[in-house]
Amino acid sequence: MTSKRDEARKLYERLKAEAKAGGYVLNPDEDFVMDLMEGLNTNQERYGYLACPCRAADGEREKDLDLICPCDYRDPDLAEYGTCYCALYV
């Protein structure tokens, strides 16, 4: 049986590779990021998509398209604050 942390690690590795390919960087604090990964996996189970765990998802994919990780707010937040709202991307 796979643990939540193992599933979080798999998602982390996937998002890290996608981030690197797109010229983005994930937060280097792996413990912090693993908590976010668990939240993303919980939302995947709950809603069927990777809704950002830091924002209130509606539970309807069409209404939540802007919240699916990486969310639509990532780039503006990175430009203004140097990090996205949940601090996954830095």
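Procedures and definitions
Residues numbered from 1 in each chain as written. Predicted model: local features only at pLDDT ≥ 70, side-chain atom pairs only at ≥ 80, totals over all residues. Heavy atoms only, no water. Helix = DSSP H or I, 4+ residues; strand = E, 2+ residues; numbered from the N terminus. Rg over C-alpha atoms; globule rule 2.2 N^0.38 Å. Buried < 20%, exposed > 50% of the residue type's maximum accessible area, 1.4 Å probe, protein only. Contact = heavy atoms within 4.5 Å. Areas by Shrake-Rupley, 256 points an atom, 1.4 Å probe, with all protein chains shown as cover. 1 Å grid on protein atoms, 1.4 Å probe; cavity = no way out; pocket = protein on both sides within 12 Å on 5 of 7 lines; lining within 4 Å. Points joined across faces, edges and corners; volume = space filled by probe spheres on them. Nonpolar A, V, L, I, M, F, W, Y, C, P; charged D, E, K, R; others polar. Core = buried A, V, L, I, M, F, W, Y, C linked by side-chain atoms within 4.5 Å.

Some points on the overall build of the chain
- Counting its secondary structure elements, the chain contains four helices and zero strands.
- In the chain, the succession of α and β elements from N to C terminus is α-α-α-α.
- Relative to the compact-globule value of 12 Å for 90 residues, the chain shows a C-alpha radius of gyration of 13 Å, a close match.
- Principal-axis analysis of the C-alpha atoms places the extent of the chain at approximately 40 × 30 × 20 Å.
- The burial tally for the chain puts 36% of its 90 residues in the buried class.
- For the chain, contacts bridging at least 24 residues in sequence account for 42% of all contacts bridging at least 6.
- Carbon and sulfur atoms make up 49% of the accessible area of the chain, which amounts to about 5600 Å² in all.

Quick word on empty space enclosed by the protein
- Inspection of the entire model under this criterion finds one cavity of 30 Å³ or more.
- For the largest cavity, the calculated volume is near 90 Å³.
- Around the largest cavity, the lining comprises 13 residues; the ones closest to its centre are C52, C69, C71, C84 and C86.
- In terms of residue class, the lining of the largest cavity is made up of 12 nonpolar, no polar and one charged.

Some remarks on the side chain of N41
- Locating N41 in the fold gives a position in helix α2 (residues 30-47).
- With near-sequence residues (within four places) excluded, N41 lies in contact with E7, A8 and L11.

Some details on the nonpolar core
- Counting 19 residues, the largest nonpolar core has L15, L26, M37, L40, C69, L88 and Y89 as the members making the most contacts within it.
- Elements with a minimum of two residues in this core: α1 (4-21) and α2.
- Contacts of C69, omitting those with residues within four sequence positions, involve L15, L40, L50, L88 and Y89.

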